[in-house]
Amino acid sequence: MKKLAFFTMVVLLSCTLGAQIQTPQPSPAAKMWQTVGLTEVTVDYSRPSMRGRTIFGDLVPFNALWRTGANAYTKVSFNKDVTIANQAVEAGTYSIFTKPGKTTWEVFFYTDTQGGGTPAEWDDAKVVAKTTVPVMPIEMPVETFTITIDDVTSSGAHIGILWENTYVGIPFGVSTDAEVVKSIENVMAGPSAGDYYAAAVYYASEDKDINKAKDWMNKAMSMTEKPAFWQLRQQSLILAKSGDKAGAIATAKKSLEGAKEAGNMDYVKMNQDSLKEWGAM
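Cut-offs and rules
Residues numbered from 1 in each chain as written. Predicted model: local features only at pLDDT ≥ 70, side-chain atom pairs only at ≥ 80, totals over all residues. Heavy atoms only, no water. Pairing = 2+ DSSP bridges. Helix = DSSP H or I, 4+ residues; strand = E, 2+ residues; numbered from the N terminus. Axes fitted to C-alpha atoms, helices over the stretch in contact; angles between N-to-C directions. Expected span 1.5 Å × (residues − 1). Parallel < 35°, antiparallel > 145°, perpendicular 65-115°, else oblique. Left-handed = near helix turned anticlockwise from the far one by under 90°. Contact = heavy atoms within 4.5 Å. Nonpolar A, V, L, I, M, F, W, Y, C, P; charged D, E, K, R; others polar. Core = buried A, V, L, I, M, F, W, Y, C linked by side-chain atoms within 4.5 Å. Buried < 20%, exposed > 50% of the residue type's maximum accessible area, 1.4 Å probe, protein only. Phe/Tyr/Trp six-rings, centres within 6.5 Å; stacked < 30°, edge-to-face > 60°.

Caption draft 1: Expanded view of the sheet that holds strand β9 (residues 136-153). Overall, antiparallel pairing links the 4 strands, which are arranged β5-β4-β10-β9 in an open sheet. In this open sheet, the two edge strands, each paired with only one partner strand, are β5 (87-89) and β9. Shown here is a sheet whose adjacent strand axes are inclined to one another by a mean of 30°, direction ignored. Note: β9 against strand β10 (residues 156-174), 9 bridges, orientation antiparallel. Bridge pairing in β10 places threonine 148 opposite glycine 160.

Okay, structure coming up:
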């Protein structure tokens, strides 16, 4: 019994110690990030190594679907809409699957992002973009599978895949020019109604120049087709604070009417309380 108890203790101790031992993964995880124009691109993948093996045409068969890496699906994320082979791809995260060939690769961007290997059932409806790219042989062998973002310009880049003696580049485009032009037009057009409104509320709440806050709020309301009851509420408070009680009362009545229509009893009460305070009720 003593021997059995000792053996059991040794096994338990070994299991406990074994659970604490960390060993390196044969295909370690990697994450790379790149700004392309005004778009952030992130790639999450695992990096197997050659270790004396023939890769393409052997370990990775030609013309067969490949997860493009190891372990979990290789994923690419775009924080803004992009284009891939003239196909619009919405901002989001996608897995990358490929069919390597001797001279070209087929590339698929897929909406399922959780899993390992390749999907048990391939669904063409989940392919948001696909393209075919040429193989470019490289002289110096790349021991460890590598994904890069290459040829970066303000309008696009290439997702580069390198392993063994092979490089393929998957081009994608970003909408930098349209974003910059829109930004320029917005700035050149001057402050928006929202800008004037936010500035006015801030000045009033921080006891800054109330007349300036009043001017800004009046400008915001004049630029707003149908001011909301909560906007009118802020305007009435600023008018009252500036000494324009008549204007405050008239505006509070509009806010009260809008709050009643919206069924917002909090704003109904606040407006009624203010109108009582200003001698209008």
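Caption draft 2: Geometry of the sheet that holds strand β1 (residues 29-36). Taken in spatial order, the 6 strands line up as β1-β2-β3-β6-β7-β8 in an open sheet, and their pairing is antiparallel. The open sheet has two edge strands with one neighbour each: β1 and β8 (127-134). Averaged over all neighbouring strand pairs, the angle between strand axes comes to 20°, with direction disregarded. Of the strand pairs in this sheet, strand β2 (residues 39-46) and strand β3 (residues 75-78) are connected by 4 bridges, and their pairing is antiparallel. By the bridge assignment for β3, aspartate 44 is matched with lysine 75.

Caption draft 3: Expanded view of helix α2 (residues 176-188). Its 13 residues give α2 an end-to-end C-alpha distance of 18 Å, which sits within 8% of 18 Å, the value for a rise of 1.5 Å per residue. Note on α2: the residue one or two positions beyond its end, glycine 190, has a positive phi of about 95°.

Caption draft 4: Inspection of the packing of helix α3 (residues 193-205) against helix α4 (residues 210-222) at higher detail. Direction vectors running N to C along α3 and α4 enclose 155°, while the axes themselves pass 8 Å from each other. On the basis of their axis angle, the class for α3 and α4 is roughly antiparallel. Crossing handedness for the pair α3 and α4: left-handed. Across the interface between the two elements, Ala193, Tyr196, Tyr197, Ala199, Ala200, Val201, Tyr203 and Ala204 from α3 touch Ile210, Lys212, Ala213, Trp216, Met217, Lys219, Ala220 and Met221 from α4. A class-by-class count of the residues in the contact of α3 with α4 yields 14 nonpolar, no polar and 2 charged.

Caption draft 5: Inspection of the nonpolar core at higher detail. By size, the foremost hydrophobic cluster in this structure holds 34 residues, and its most contacted members are Val76, Trp105, Phe109, Ile149, Ile159, Trp163 and Phe172. Among the elements that make up this core, the one with the highest residue count is β10 (8 residues). Beyond its immediate stretch of four places on either side in the chain, isoleucine 149 contacts Met32, Gln34, Val36, Val41, Val43, Ala157, His158 and Ile159. Residues Tyr197, Ala204, Ala213 and Met221 belong to the second largest nonpolar core, which totals 11 residues.

Caption draft 6: Seen up close, the packing of aromatic side chains. Here the structure, examined in full by the defined rule, presents 17 aromatic pairs. Ring geometry for tryptophan 66 against phenylalanine 145: centres 5.5 Å apart, planes inclined by 75°, an arrangement best described as edge-to-face. Of this pair, tryptophan 66 sits in the loop between β2 and β3 while phenylalanine 145 sits in strand β9, and the two are 79 residues apart along the sequence. Each of the two residues, tryptophan 66 as well as phenylalanine 145, counts as buried. Three or more aromatic residues link up through ring pairs in this structure, and these residues are Tyr45, Phe56, Trp66, Trp105, Phe145 and Trp163.

Everything listed here is a matter of geometry and, on its own, says nothing about what the molecule does.
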